[in-house]
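Residues per chain, in single letters:
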2 protein chains.
Amino acid sequence: MSREASAETDVLLRRHGLQVTAQRLAVLRAVSDRAHRTADDIYRVARAEIGAISSQAVYNTLTALTDKGILRRIQPAGSPARYEDRVGDNHHHLICRTCRRMIDVDCAVGDTPCLTAADDSGYEIDEAEVIYWGRCPECVAGPRSRAVTHHKETAREEKDRRV
Amino acid sequence: MSREASAETDVLLRRHGLQVTAQRLAVLRAVSDRAHRTADDIYRVARAEIGAISSQAVYNTLTALTDKGILRRIQPAGSPARYEDRVGDNHHHLICRTCRRMIDVDCAVGDTPCLTAADDSGYEIDEAEVIYWGRCPECVAGPRSRAVTHHKETAREEKDRRV
DNA sequence: GGCTGATCTAGACTCACTCCAAGGTTGGGG
DNA sequence: CCCCAACCTTGGAGTGAGTCTAGATCAGCC
Ligand SMILES: [Mn+2]
Ligand SMILES: [Mn+2]
Ligand SMILES: [Zn+2]
Ligand SMILES: [Zn+2]
């Protein structure tokens, strides 16, 4: 898997005129490993994996890859930016107001969805960004103390959530 | 107008258990005067109007009014928060990638719109936030140097845009 | 194995807030 | 008209999430 994946990733980077570096591969792995991580999450994961990487390199890489369209950046209100490698399908997001959990939602409309506003006022629209806000099943069931701290678990990678 | 509006606003504030102060009225006026202003815009406008107001008071007021549902806060990627008094109709926004101009878009679906995600995964959705990204007619026509600096005009209130 | 531009690093810096503290002012119920 | 909780002010410190810069290092081509 890792050999294979790495080869693919190499090609991906080179195709976009980017050098292949340990840092970039680590960032890319951290993102594809789990969607919607923050720059800080990615920094931590990548650092754990390759030992040394600066947060600056993470920011640079994320910006470069986002600019190239290899990654997608999501910036929900009240949260640092999150990244994913599921690009080009204009899917949407559903975020729990209580615990900040974020999940993917396929577009209700289709492939090139919701790109048609009721009245575009002459604007040339290229993206319809949709964020659904609400409460996840767990938080609806019982807003236990755990729920409140959940958004911090992203950092701890939600390892032992179900203990 | 101002007498009338002020009376209405008084009632609005009191109904929510808030005292009526010169600062709050000025903030409210700055917001209703032009939608989608930033806290800093509002600070400047209010200060020009009533002479003295601290930015702290602006932040406090905006937070209080947003919490009460009197104002709505919009936080688009790459921009400080913006405020409007058009609440409760779940309308959407259309933002120009080039000049940051932001306009309202009525919901394509209806009154309680787009609240139905394709698959809500058991979430209890209460809001569908939609931001359309693209380029405004002016920026499409010709990305003149003016366009680039346009987002700064918000600060200058776009007074002399069409000179 | 060298060269050179692309990349990485540490550290300073910015922006948009947020959160005090301490004292001064004011709205509005009685 | 009085009072006091609610509100505002100055001033300052602190924070999260980045951006910017300058010098060190490395990828990839010869
Ligand atoms: Mn996603
Ligand atoms: Mn609006
Ligand atoms: Zn939740
Ligand atoms: Zn524009």
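Owing to the predicted nature of the structure, the values given are computational and were not obtained by experimental measurement.

Reading the values: rules and limits
Numbering of residues starts from 1 in every chain and runs along the sequence as written. To read the labels, note that chains go from A and ligands from 1, taken in the order they are written. Only residues with pLDDT of 70 or above have their local features reported here, since the model is predicted, and side-chain atom pairs are shown and tallied only from 80 upward, although totals for entire chains, interfaces and linings are computed over all residues. The basis for every side-chain value is the complete set of non-hydrogen atoms in the structure, without hydrogens or water. In DSSP terms, a helix is any run of H or I states spanning at least four residues, a strand is any run of E spanning at least two, and both are numbered starting from the N terminus. Relative accessibility decides the category of a residue: with a 1.4 Å probe and only protein chains considered, values under 20% of the type maximum give buried, values over 50% give exposed, and everything between is partly exposed. Residues count as neighbours in contact if any of their non-hydrogen atoms are within 4.5 Å of one another. Note on areas: Shrake-Rupley, 1.4 Å probe, and residue coverage restricted to the protein chains presented here. Any two strands are treated as partners once DSSP identifies two or more bridges connecting them. Nearness of a residue to a molecule or strand requires only that one of the residue's heavy atoms be within 4 Å of it. N or O atoms closer than or at 3.5 Å make up a polar contact, with two conditions inside protein: a donor-capable atom paired with an acceptor-capable one, and, for residues adjacent in sequence, both atoms drawn from side chains. Values labelled buried area give the accessible surface lost by two parts on being combined, using a 1.4 Å probe and summing over both. Here, a salt bridge means any Lys or Arg side-chain nitrogen found within 4 Å of an Asp or Glu carboxyl oxygen. Copies are brought into register by a least-squares superposition over C-alpha atoms of residues with pLDDT of at least 70 in both. Helix axes use the C-alpha atoms of the stretch in contact, all axes being lines fitted to C-alpha atoms, and the angles between their N-to-C directions lie in the range 0 to 180 degrees. Roughly parallel covers angles under 35 degrees, roughly antiparallel covers those over 145, roughly perpendicular covers 65 to 115, and oblique covers all other angles. Residue classes follow a fixed rule: Ala, Val, Leu, Ile, Met, Phe, Trp, Tyr, Cys and Pro count as nonpolar, while Asp, Glu, Lys and Arg count as charged, and any other residue, Gly among them, counts as polar. Counted as donors are N, O and S atoms no farther than 2.8 Å from the metal, or 3.2 Å for Na, K and Ca; water is not among the atoms, and sites may therefore look incomplete.

**As for the overall build of chain A**
Inference 1: Check the secondary structure of chain A and you find six helices and six strands.
Inference 2: Counting every position in chain A, which comprises 163 residues, the buried fraction comes to 43%.
Inference 3: Sequence separation of 24 or more characterises 48% of the internal contacts of chain A that already satisfy a separation of 6 or more.
Inference 4: For chain A, the exposed area adds up to about 8,800 Å²; of that, 49% sits on carbon and sulfur atoms.

**Observations regarding the pairing of strand 4 (residues 92-96) of chain A**
Residues and elements named next belong to chain A.
Inference 1: With respect to burial, strand 4 is a largely interior element, five of its five residues being buried.
Inference 2: The pairing of strand 4 with strand 5 (residues 102-105) spans four bridges and is antiparallel. Across the sheet, the residue bridging to His92 is Val105, located in strand 5.
Inference 3: The hairpin formed by strand 4 and strand 5 contains five residues between the paired strands, and Arg100 there has a positive phi angle of roughly 70 degrees.

**Notes on the sheet that holds strand 3 (residues 82-84) of chain B**
All names here are of chain B.
Inference 1: Strand order in the open sheet formed by three strands is 1-3-2, and the pairing between neighbours is antiparallel. Both edges of this open sheet fall to strand 1 (37-38) and strand 2 (72-74), since each of them pairs with a single strand only.
Inference 2: Sheet topology note: the strand 2/strand 3 ladder contains three bridges and is antiparallel. Directly across from Arg72, in strand 3, lies its bridge partner Glu84.

**Quick notes on the protein's contact with DNA strand D**
Inference 1: Around DNA strand D, a shell composed of 15 residues is seen, among which A:Gln56, A:Tyr59, B:Gln23, B:Ser54 and B:Ala57 lie nearest.
Inference 2: Put simply, 83% of the atoms of DNA strand D that lie within 4 Å of the protein are in sugar or phosphate.
Inference 3: In the environment of DNA strand D, a phosphate oxygen lies 3.4 Å from a nitrogen or oxygen atom belonging to the backbone of B:Ala52.
Inference 4: Elements represented by at least two residues in the surface near DNA strand D include exactly helix 4 (55-67) of chain A together with helix 2 (22-33) of chain B.

**Observations regarding the interface of chain B and chain A**
Inference 1: Facing the 38 residues of chain B at the interface are 38 residues of chain A.
Inference 2: Where chain B abuts chain A, roughly 2,800 Å² becomes buried across the two surfaces, and 55% of that area is made up of carbon and sulfur atoms.
Inference 3: Of all residues in chain B, B:Tyr123, B:Glu129 and B:Tyr132 give up the largest surface area on contact with chain A, accounting jointly for 23% of the area buried on that side.
Inference 4: Between chain B and chain A we count four salt bridges in total.
Inference 5: Across the pair A:Arg97 and B:Asp126 runs a salt bridge, and its minimum N-O distance is 2.2 Å.
Inference 6: In this assembly, chain B and chain A are joined by 14 residue pairs in polar contact (both at pLDDT 80 or more).
Inference 7: For the side of chain B that touches chain A, the elements supplying multiple residues, two or more each, are strand 4 (92-96), strand 5 (102-105), strand 6 (124-135) and helix 5 (137-141) of chain B.

**Considering the relation of the copies chain B and chain A**
Inference 1: Overlay of chain B on chain A (RMSD 0.2 Å): rotation 180 degrees, translation along the axis 0.2 Å. Expressed as a symmetry operation, the mapping of one chain copy onto the other fits a two-fold axis. For chain B, the residue whose C-alpha comes nearest the rotation axis is B:Val130, separated from it by 2.3 Å.

**Observations regarding the packing of helix 2 (residues 22-33) of chain A against helix 4 of chain A**
Residues and elements named next belong to chain A.
Inference 1: Look at helix 2 against helix 4: their axes get within 10 Å of each other, and the N-to-C directions meet at 70 degrees. Judged on the interaxial angle alone, helix 4 and helix 2 are roughly perpendicular. Residues Gln23, Arg24, Val27, Leu28 and Val31 of helix 2 form the contact with helix 4, whose own contacting residues are Ala57, Val58, Thr61, Leu62 and Leu65.
Inference 2: Looking at the contact of helix 2 with helix 4 residue by residue, the classes come out as seven nonpolar, two polar and one charged.

**Description of the coordination of the manganese ion (ligand 1)**
Residue and element names in this part refer to chain A.
Inference 1: Surrounding the manganese ion (ligand 1) are the protein donor atoms His36 (NE2), Glu84 (OE), His91 (NE2), His93 (NE2) and Asp104 (OD), at 1.9 to 2.3 Å.
Inference 2: All donors to the manganese ion (ligand 1) come from one chain, and their sequence spacing reads H-x47-E-x6-H-x1-H-x10-D. Of the two residues, His36 is situated in the loop between helix 2 and strand 1 (37-38) and Glu84 in strand 3 (residues 82-84); the sequence distance between them amounts to 48 residues.

**Notes on the coordination of the zinc ion (ligand 3)**
Residue and element names in this part refer to chain A.
Inference 1: Taken together, Cys96 (SG), Cys99 (SG), Cys136 (SG) and Cys139 (SG) make up the full set of protein donors to the zinc ion (ligand 3), lying 2.2 to 2.4 Å away.
Inference 2: Donor residues for the zinc ion (ligand 3) sit on one chain with the sequence pattern C-x2-C-x36-C-x2-C. Here Cys139 lies in helix 5 (residues 137-141) and Cys99 lies in the loop between strand 4 and strand 5, a separation of 40 residues in the sequence. Here the two residues Cys99 and Cys139 agree in accessibility, since each one is buried.

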